[in-house]
Every structure is written in structure tokens, then in C-alpha cells.
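Residue-level listing of the chains:
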Amino acid sequence: MRLAHEERWLIEREPVETNVITVEKWGEEALAENSEDEQILPQSRMDPQPCDWIPSGAREKSYFRWIDECFFTRSPGVGLKEQFQELTSRWKDDTSDFSILALRYANDSFLRIVGFGPIAIPWILEELRNDPDWWFEALRAITREDPASDAESFDSAVEAWLKWGSDNGYDV
Amino acid sequence: MSSRLTPRQEARYPNLVATGYSKTSDKDPKYNCVAWAADWAANLWWEPYSKNKPGMYWPEGVPDSFYVEAYIRAFRTIGYELCESSELEVGFEKIALFEDDILGLFSHVAKQLPNGKWASKLGGEDDIVHDSLEAFKGYAKYGKATRFMKRKDTGLSLPKNLA
């Protein structure tokens, strides 16, 4: 019988207790160790573990630490902005000289940026203001809005999106 | 403005430095090589599937496709016809269309200058003038020039940075 990656990962490591932590025990540890607001998860849960099924980008730190940094700390997105900047740099390096935008949009780094979802909006707007590029499809995909639909030029599309950002509370 | 691309850009095109080039403008994402080769248009991005998209253009009636045949038809709308070679011909303007080595799609177009050199806009990056169509040899994303087109000299004056 084939097991899902997660199941196999748990079974292979039994009975290593730190990996198969129960919700109750986790709650107790969390209560005991949660004096620092930033540390919601117990340390045992955050220690790096060798996990073959984890995506390569997350493997260096451990999946749980990565999830923790992304979603459970007071500063959501810590670490993500650096990833965004790295992906942006890679996207530009790899595709800026393409003559076909559709191929730029099919680039892995670009798709991963879109995959960040709304958290990336202020960073994309910042990029758009400081180093204009064809970010419009990413913004359309994430926001499901298109304030530049009536724009007649690249510059006016940039302006329309920056105005949208300002109108929606982003610091642009 | 420096007359050279950045070292990182130069490394991308292994044959560019050896065959000779100079940079003629800084990067500008507003236009691509197709617009530049068409009529030195510096405010439009020519691309298929771009109807009603801001800052973009594709000639009416030309099929939406990324294969070089669609680009040939696009250039026909402004007077170009296929020709055999890239040799300089007095009284004619020539362009060279490239197909990439990976997908076999259109990848780039360069326009011949009256002195026989070639003007290229590198996607959304810089404009350059290069001595030879071999400039991009070894760069699979641009591949090689596979089709050539020409039209009678329109008398359109060259942009200041190319004159």
C-alpha cells in the first residue's frame, strides 16, 4: 500500500516523540514556553528535521519553522520579503531580455511570486514604483481587479496601479 | 550612460563582446525588439494575444501566435517581404527574425542600419548596436536568425542615438 508522504514521514520516525506530538501536549508546551509572544510553537516542534518530502525552499529551515515564520509570528511575512526580492531578481535576470511577455509570465520565479498572494501586493507596488516592469498580470491575478483596464500606455497602467494601491491603503 | 552592458548581461551573450557591440540606450520596459524594428516605436510592446492590454499592440488581422510565421505576417503589415539573405542592399531596409533553440518560437528581431550593423532592443532591457547577427550565437533563448525580410527604404529618419 502506498502511503501519502506525510503518513510515511510520521511512521518512519516513530516512536521519536518530538515528531509525533499530540495536540494536548503541544498545548501544554506552548503554554509553558509562550512567555515570548514571538514563540507560539514549542521548540521541539521547530527544530529542523530531515524531511524528504518538504519542498526544497523550505527544507533548509524545516517546514514547521518556515510555516511558523510565515503565519504565526507577530510579523507575518518575515523572511518572505527576502524570498520575494530574490525571486524578483531571478525573474528579471532570467527573462528581462525576452521579447514575449507571455514567456516572462510562465517563468517559475514569477509564478511563485503570484503564489504568495495578497502578502506580496505592497512589495510588487513598491517594485512598480521604483523599477517599473510588467507586473500588471501578477497584480491582476492576486487582486482580481484591473484598475488599468482603460490605460492606453505602460506608464498610465503603472499610474493606475499605484493609485489603486494608494486608494486601498498601501503605502505607495 | 555607459556604452557597455553590465558584466552579467555580457555573460548572457557569449559571442556579443567578441563580435563587437555598443549600447545605445538604457533599459526601458515600455517597448520590445518588435516595436523597435518595426518603426523605431519606443512606446509600445508588440505581442500576440495583447488586444486591449495597456501599452501593447498587435496588428489587426494577424493571427495570435508566437511562431515566427505570425511575426512575418505582422511585419508584412508595414511593408516588409521575405528575402533570402541579410546582405546589405542599398535602397532597402532589412530585418532578421530569430527563433529560439528551445521551443522553436520567435525570440528576437534585429534591424539593419545603413552602415550594415544591426540595431537590437533586448526585450525590456537596453538598446544595442551589434556588428554581426552572430552576436547572440550560443544564447539558446535567442537561438539564431532564420528569416530575413526587407522593404524599400522608407526614408524614416533614424533615432538620435542611432544616427
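The rules we used
Residues numbered from 1 in each chain as written. Chains lettered and ligands numbered in written order. Predicted model: local features only at pLDDT ≥ 70, side-chain atom pairs only at ≥ 80, totals over all residues. Core = buried A, V, L, I, M, F, W, Y, C linked by C-beta atoms within 7 Å. Buried ≥ 20, exposed ≤ 12 C-beta atoms within 10 Å, placed from the backbone. Helix = DSSP H or I, 4+ residues; strand = E, 2+ residues; numbered from the N terminus. Contact = placed C-beta atoms within 7 Å. Pairing = 2+ DSSP bridges. Axes fitted to C-alpha atoms, helices over the stretch in contact; angles between N-to-C directions.

Sorry, what's going on with the nonpolar core here?
Where a protein is soluble and globular, its nonpolar side chains tend to be buried together. All names here are of chain B. In terms of nonpolar packing, the biggest core is built from 59 residues, with I95 and V109 touching the most fellow members. When residues of this core are assigned to their parent elements, the largest contribution, six residues, is made by helix α3 (residues 33–39). In this structure, V109 is in contact with C33, V34, A37, Y71, I95, A96, L97 and F98, ignoring residues within four places of it in sequence.

What's the story with the sheet that holds strand β7 (residues 118–121) of chain B in this structure? I'm lost.
As a general point, the strands of a sheet are linked pairwise by backbone hydrogen bonds and lie either parallel or antiparallel. Residue and element names in this part refer to chain B. One open sheet holds the seven strands; their spatial order is β1-β8-β7-β6-β5-β9-β4, and the pairing between them is antiparallel. Across the chains shown, the open sheet's two edge strands, defined by having one partner strand only, are β1 (21–25) and β4 (81–83). Mean inter-strand twist for the sheet, computed between neighbouring axes without regard to direction, equals 35 degrees. Of the pairings in the sheet, the one linking strand β5 (residues 92–99) to strand β9 (residues 144–152) comprises eight bridges and is antiparallel in character. Each bridged residue has a counterpart across the sheet, and for F92 the counterpart in β9 is K152.

When you look at the environment of K111 of chain B in this model, what are you seeing that I'm missing?
Residue and element names in this part refer to chain B. Summarising the element assignment, K111 is placed in strand β6 (residues 106–112). Sequence separation between K111 and T19 is 92 residues, and the spatial gap between their C-alpha atoms is 17 Å. Leaving out residues up to four positions away in the same chain, K111 has contacts with A37, I95, W118 and A119.

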